[in-house]
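Here are the chains, one letter per residue:
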2 protein chains.
Amino acid sequence: MKTDIQIAQEATLKPISEIAKSLGLQKEDWEPYGNTKAKLSDQLVDRLSDRQDGKIVLVTSINPTPAGEGKSTVTVGLGQALNKIGKKAVIALREPSLGPVMGLKGGAAGGGYSQVLPMEDINLHFTGDIHAITTANNALSAIIDNHIHRGNKLQIDPRKIEWKRVLDMNDRALREIVIGLGGPSQGIPREDGFNITVASEIMAILCLANSLSDLKERISQIVIGYTYNEEPVTVKDLKVEGALTLLLKDAFKPNLVQTTENTPAIIHGGPFANIAHGCNSIMATKTAAKLGDYVITEAGFGADLGAEKFLNIKARAAKFDPDAVIIVATIRALKMHGGVEKSGLTKENVHALKKGMENLEKHIETIEKFGLPYVVSINKFPTDTIDEINYIEKWCEERKVDVALTDVWAKGGEGGIELAEKIVHKIETNQHKFEHLYPLDMSLEKKIRKIAQVVYGASNIELSNKAKKQLAYFEEQGWGQLPICMAKTQYSLSDDPTLLGKPEGFVITIRELRPSIGAGFIVVLTGEMLTMPGLPKKPAAFKMDVTNDGKVVGLF
Amino acid sequence: MKTDIQIAQEATLKPISEIAKSLGLQKEDWEPYGNTKAKLSDQLVDRLSDRQDGKIVLVTSINPTPAGEGKSTVTVGLGQALNKIGKKAVIALREPSLGPVMGLKGGAAGGGYSQVLPMEDINLHFTGDIHAITTANNALSAIIDNHIHRGNKLQIDPRKIEWKRVLDMNDRALREIVIGLGGPSQGIPREDGFNITVASEIMAILCLANSLSDLKERISQIVIGYTYNEEPVTVKDLKVEGALTLLLKDAFKPNLVQTTENTPAIIHGGPFANIAHGCNSIMATKTAAKLGDYVITEAGFGADLGAEKFLNIKARAAKFDPDAVIIVATIRALKMHGGVEKSGLTKENVHALKKGMENLEKHIETIEKFGLPYVVSINKFPTDTIDEINYIEKWCEERKVDVALTDVWAKGGEGGIELAEKIVHKIETNQHKFEHLYPLDMSLEKKIRKIAQVVYGASNIELSNKAKKQLAYFEEQGWGQLPICMAKTQYSLSDDPTLLGKPEGFVITIRELRPSIGAGFIVVLTGEMLTMPGLPKKPAAFKMDVTNDGKVVGLF
């Protein structure tokens, strides 16, 4: 079997100018970055304001398992399939973070014959967006420490600085550090730490801003910490929203690439799906909607995290209504939710599959709560048996759930035609009405409880003393009108990663809150969230290389 | 008077495709990065191996003063002037570091009507080269700490890790830090620190490598620290030279831009001129020599640092002989060397000028020692008086020193025509023969003494106990064959920054040595070298902004 990088390197890419032309773009709408990548103008949505928006299809999944679900692969494959049945589709995805690429992953841009290309560039520095975010984030850090070093006019309490430095790297040794050592010319000694760049609030802001001026406004509202008098300190107080926005002016422009079948794909932004909202940028999705009749986009992790945030945070900030949802599952993963270990997945087990279906069922309920039409996509694996497939089809038939088998890894768009046809039919015949799960004027505590009960199936929430105090402080600051961004394990509907399937009767413990005022949401932490990953014993980097004539080796 | 950014934004840029075409480049030789920047192929020098190399002109200066000399401006202006007199010239410059741009400088890409454009991009993220170096440097750091965290098979002594992390930022609070705190899942606690990226050995390596395979070989030889048994530990031992080279594959390609008068300029690499060699990349200079009949390039600081290293380190690694040198001075700066304070520079002072000429005289001697022809460029300022100008011209005439007044800031290439004509004449009639200052098989100590005595005019050198031990250890390791990279204050010929003009009878104190085995030189520290700058009280960032339609404000 060929590897992803082999398939990618054998694919025939069109010049990006041809892709741009096929989308009807004019000269001023885009700039080339190499011959197969482009930056799109951030003015494009305005220029095409008369054009009707395409239909937005969100791809989500069951709770992820080590078995793999292939959500990105289905997103790319569905885009290709729509083009095969004569629909003009544009894909909108997140940018991969380099840290995990060098660590465990080796690459993250779809798979097989449903990849975005050039996968080597996309997985490495791409067009430099994440580096620009790293720079803006750390410029702010340097400005904060310099402010204190120079006399601390704002009376920032060095023990209450929430703004961390970042690197796009898996580097556990930087999680907890002490800085400013070595005497009076070296700043103020204080505790600090690095997050991975995709966990930066600036990444979330870049993805939720609707224009360059909105970006600057949001940056100015970032709360970097508190004064000795417990007052929030913002970027506006430090007067660097202009410089930080300047550093992001090109990163703010969406990136255009293509898939293995030359379907246009816009890849832009990649915020964490736990402490941030886990979706590609609003700019990317809106631009795709102006350029295609269908936008296929995804959100991180399962529907309990990614889709919930897409629908309650991103769609609200963007002021668009999504039109339909794809819920991706694999028989392998469903069997894991039914209690099978990873080593036992190659064996047929209809009993475990039946038990695991509860996880899918819960996510279906959630999407129905939002009033959205959906199709379930069962992403095929060679080990799936006829009886297992039959069981799923019967299960869906009994519940009047639309389902399609997809085989886009091996067959590209061809393997997603049934799914494409079903989702088009759903959208064209849909009578549903999209609704957010909660109104913004509900209290923060009530919003949290609503998500926990309706989306996770929890019996209740339990607040730590710290969280209680924070809720009061946040409401007092006027932050109560913001939506909630839950940081919860992706592996379970509950806050315990070992409870697969559909746990019941559990309580969600709310440990702590964090204000992301620039991004425009309140992060709610339900457990220890790792915002700086570590490298494994054998990092993927050990296998990476480049030949003397520049060919990439060891991304997979 | 217009500011640099006003002049830059009023200039008419040609599409980079036109610049590439004017150089005879073919489709496979370059890739666009936006409409006014391009990456040139790293295979171009090989492809054009039959073509005769252009003449290489190095621009250097007297010891820099706060009065300003305008070396980059003269470099750009001379390139433009050569084109005006019908010569095909290509400029080769360093990339500015973002840290100082956000801090003090605000911008560094020539000035007035002799700038490289688009100055906004060049001063900000440009084509991402420095970000790629940051990433490669920090990937190595993460790999080192992960190796120790995972059992430390190589027996690396955490107290003897010389490899520091880097950021392209002025951030004093990161100079001395403690990392790895927080328990056994967070790495090993140890002292560490961040340098600015341009101080990374990887930056020096990128600038001294002759091919991608040479780059990988040099990276594999980096010494990151020592074992408990005092043995050097290299990147090769850690097995990540492939991954690091992969991260640098695009950064290794030289960048093509243009000047205010559309003269082609290759901007690539920007190593520090104290702990590294301070020149743009060999790839850039060699590529420029294949594309132009004249290459105008510069080296950091004065001739005692930049030119000495260009001639002893870069020219040796590149295996090319430079053809001529321009020594830049201003009457203002010479008066400072003659004892005038900055506030008194607007007043005529032939007496101080006469005294300050000693500094210029010493650098002229140095260039003569290398056997190279040269022209002195007096870069005009509005406050220069007739008597001062007459004094310099007479001084030069008496010594048979070729001199030209230049006014390229205000007049562009037109202001450098006399200089262009004189340097062309020098090159065409030259009988000199270029020689390195020392042979590589001389001992490290003798090399250091030779530079100190011949280039600086020191009476002798004095070695600290640490330096003595290191010299013995380095020779024992077989590193004695490498050239020397002196880290000395740029402000004085001596190691005391307050001794301007031409100090005499001084001793250079050698404090410490550092092996840059990958770069291929031994760094010799003569004082405290700051490898991470700090921000000033009012960082330039405070003035920076971007308008809603993307126009840059506040770079100057």
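Residues numbered from 1 in each chain as written. Chains lettered and ligands numbered in written order. Predicted model: local features only at pLDDT ≥ 70, side-chain atom pairs only at ≥ 80, totals over all residues. Heavy atoms only, no water.

- The name given to chain A in an unreviewed UniProt entry is Formate--tetrahydrofolate ligase, and the organism recorded there is Cerasibacillus terrae.
- Per UniProt, chain A has the following entry under Catalytic activity (unreviewed entry): "(6S)-5,6,7,8-tetrahydrofolate + formate + ATP = (6R)-10-formyltetrahydrofolate + ADP + phosphate".
- According to the UniProt record, the Pathway (unreviewed entry) comment for chain A reads "One-carbon metabolism; tetrahydrofolate interconversion." (UniProt positions renumbered as here; feature names shortened; annotations may be inferred.)

## A few points about the relation of the copies chain A and chain B
Here's step 1: Expressed as a screw transformation, the operator carrying chain A onto chain B has a rotation angle of 180° and an axial translation of 0.0 Å, and the superposed copies differ by an RMSD of 0.0 Å. Here the two chains are linked by the operation of a two-fold rotation axis. Residue Y33(A) of chain A places its C-alpha closer to the rotation axis than any other residue of that unit, at 2.1 Å.
Here's step 2: Here 100% of the contact residues of chain A are again contact residues in chain B; the copies associate through an equivalent surface. (Least-squares fit on C-alpha atoms with pLDDT ≥ 70 in both. Contact = heavy atoms within 4.5 Å.)

## Thoughts on the interface of chain A and chain B
Here's step 1: Each partner contributes to the interface: chain A provides 70 residues, whereas chain B provides 71 residues.
Here's step 2: Contact with chain B buries surface across chain A, with R150(A), R172(A) and L246(A) losing the most and accounting together for 10% of the total.
Here's step 3: Along the contact surface separating chain A from chain B lie six salt bridges.
Here's step 4: Residue D121(A) is joined to K249(B) by a salt bridge in which the shortest nitrogen-to-oxygen separation is 3.8 Å.
Here's step 5: Linking chain A with chain B are 35 residue pairs in polar contact (both at pLDDT 80 or more), by the criterion used here.
Here's step 6: Of all the elements, helix α7 (residues 129-149) of chain A adds the most residues to the side of chain A that touches chain B, at ten residues.
Here's step 7: Class assignment for the residues of the side of chain A that touches chain B results in 34 nonpolar, 21 polar and 15 charged. (Buried area = accessible area lost by both parts, 1.4 Å probe. Salt bridge = Lys/Arg side-chain N within 4 Å of Asp/Glu carboxyl O. Polar contact = N/O pair within 3.5 Å; in protein donor to acceptor, adjacent residues only side chain to side chain. Helix = DSSP H or I, 4+ residues; strand = E, 2+ residues; numbered from the N terminus. Nonpolar A, V, L, I, M, F, W, Y, C, P; charged D, E, K, R; others polar.)

## Brief notes about the nonpolar core
Here's step 1: The biggest cluster of nonpolar side chains holds 365 residues, and the ones touching the most others in it are I224(A), L256(A), I510(A), I224(B), L256(B) and I510(B).
Here's step 2: Setting aside residues up to four positions removed in sequence, L256(A) forms contacts with I16(A), I19(A), A20(A), L23(A), L25(A), T36(A), K37(A), A38(A), L40(A), P264(A), A265(A) and I266(A).
Here's step 3: Grouped together as the second largest cluster of nonpolar side chains are 31 residues, A89(A), I267(A), I417(A) and V424(A) included. (Core = buried A, V, L, I, M, F, W, Y, C linked by side-chain atoms within 4.5 Å. Buried < 20%, exposed > 50% of the residue type's maximum accessible area, 1.4 Å probe, protein only.)

## Some points on the pairing of strand β24 (residues 521-525) of chain A
As a general feature of sheets, a regular strand has side chains that alternate between the two faces.
Residues and elements named next belong to chain A.
Here's step 1: Of all five residues that make up β24, five are buried, and the element is covered over most of its length.
Here's step 2: Of the two faces of β24, the one holding F521, V523 and L525 and the one holding I522 and V524 are both buried throughout.
Here's step 3: For strand β21 (residues 484-487) and β24, the ladder comprises four bridges, and the chain directions are parallel. Across the sheet, M486 pairs through a bridge with V524, a residue of β24.
Here's step 4: Sheet topology note: the strand β23 (residues 512-516)/β24 ladder contains five bridges and is antiparallel. Its bridge partner lying in β24, S516 is registered against F521.
Here's step 5: Remark: four residues form the turn of the hairpin made by β23 and β24, two consecutive strands paired antiparallel; G520 in that turn has positive phi of roughly 95°. (Pairing = 2+ DSSP bridges.)

## Looking at the UniProt feature "binding site: ATP" (unreviewed entry) in chain A
Residues and elements named next belong to chain A.
Here's step 1: The UniProt record annotates "binding site: ATP" (unreviewed entry) at T65, P66, A67, G68, E69, G70, K71 and S72.
Here's step 2: With respect to the element layout, A67 can be found in the loop between β3 (55-61) and α4 (71-84).
Here's step 3: The exposure class assigned to A67 is buried, which follows from its relative accessible area of 6%.
Here's step 4: If we skip the residues at most four places from it in the chain, A67 touches R332, A333, M336, L345 and F381.
Here's step 5: Classification of K71 as buried rests on a relative accessible area of 11%.
Here's step 6: In contact with K71, other than residues within four places in its own chain, are V59, T60, S61, E298, A299, G300, F301 and V328.

## Overview of unusual backbone geometry
With the exception of glycine, most residues fall at negative phi, and the peptide bonds are largely trans.
Residues and elements named next belong to chain A.
Here's step 1: Put simply, L117 and P118 share a cis peptide bond, and its omega is 0°.
Here's step 2: Residue position: P118 is located in the loop between β6 (114-117) and α6 (119-123).
Here's step 3: Positive phi values are uncommon outside glycine, yet Q155 reaches one of about 60°.
Here's step 4: Along the polypeptide, Q155 turns up in the loop between α7 and β7 (156-161).

## So, the packing of aromatic side chains
Here's step 1: With the rule as written, the count across this model stands at 14 aromatic pairs over all chains.
Here's step 2: For the pair F194(A) and F194(B), a centre-to-centre distance of 5.4 Å together with 0° between the ring planes defines the contact as stacked. Residue F194(A) is found in strand β11 (residues 194-196), and its partner F194(B) is found in strand β11 (residues 194-196); the two belong to separate chains. Considered together, F194(A) and F194(B) belong to a single accessibility category, that of buried residues.
Here's step 3: Measuring from centroid to centroid gives 6.3 Å for F370(B) and F434(B), while their planes differ by 15°, and the two rings are stacked. In this pair, F370(B) is assigned in the loop between α15 (350-369) and β18 (374-379) and F434(B) in the loop between α18 (417-429) and α19 (444-456), connecting sequence segments 64 residues apart. Accessibility classification places F370(B) together with F434(B) in one group, the buried group.
Here's step 4: Members of the aromatic cluster, connected to one another through ring pairs, are Y226(A), Y473(A), F474(A) and W479(A).
Here's step 5: In this structure, K426(A) is placed above the aromatic ring of Y374(A), and the distance from its NZ or CZ to the ring centre is 6.0 Å. (Phe/Tyr/Trp six-rings, centres within 6.5 Å; stacked < 30°, edge-to-face > 60°. Lys NZ or Arg CZ within 6 Å of the ring centre and 35° of its normal.)

## Side note on empty space enclosed by the protein
Here's step 1: On inspection of all chains with the given rule, the structure shows seven cavities of 30 Å³ or more.
Here's step 2: Roughly 410 Å³ of internal volume is contained in the largest cavity.
Here's step 3: Contributing elements (two or more residues each) for the lining of the largest cavity: α6, α7 and α11 (241-247) of chain A together with α6 (119-123) and α7 (129-149) of chain B.
Here's step 4: The class makeup of the residues in the lining of the largest cavity is twelve nonpolar, eight polar and 13 charged.
Here's step 5: Quantified by volume, the second largest cavity comes out at close to 170 Å³.
Here's step 6: The set of elements that each furnish at least two residues to the lining of the second largest cavity consists of α7 of chain A together with α7 of chain B.
Here's step 7: For the lining of the second largest cavity, the residue count by class is four nonpolar, eight polar and two charged. (1 Å grid on protein atoms, 1.4 Å probe; cavity = no way out; pocket = protein on both sides within 12 Å on 5 of 7 lines; lining within 4 Å. Points joined across faces, edges and corners; volume = space filled by probe spheres on them.)

## Quick word on the sheet that holds strand β23 (residues 512-516) of chain B
Residues and elements named next belong to chain B.
Here's step 1: What the three strands build is an open sheet, ordered β21-β24-β23; its pairing is mixed. Strands at the two margins of the open sheet, each flanked by one partner only, are β21 (484-487) and β23. Strand-to-strand twist of the sheet, defined as the mean angle between neighbouring strand axes without regard to direction, takes the value 25°.
Here's step 2: The strands touched by helix α13 (residues 303-318) within the sheet are β21 and β24 (521-525), with β21 carrying the most contacts at an inclination of about 170°. (Axes fitted to C-alpha atoms, helices over the stretch in contact; angles between N-to-C directions.)

## Concerning the confidence of the model for chain A
Here's step 1: Summing up the model confidence of chain A, the mean pLDDT is 96 and the portion of residues at 70 or higher is 100%.
Here's step 2: Interface confidence in the predicted complex, given as ipTM, is 0.96; pTM for the same model is 0.97. (pLDDT = per-residue confidence, 0-100.)

## What to know about the domain arrangement of chain A
All names here are of chain A.
Here's step 1: Taken domain by domain, chain A comprises domain 1 (18-125 + 251-429), domain 2 (129-247) and domain 3 (444-525).
Here's step 2: Spacing between the C-alpha centres of domain 1 and domain 3 amounts to 26 Å.
Here's step 3: The interface is formed by 23 residues belonging to domain 1 together with 22 residues belonging to domain 3.
Here's step 4: Note on domain 1 versus domain 3: buried area summed over both sides is about 1,900 Å², and carbon and sulfur give 65% of it. (Domains from an automatic or database assignment.)

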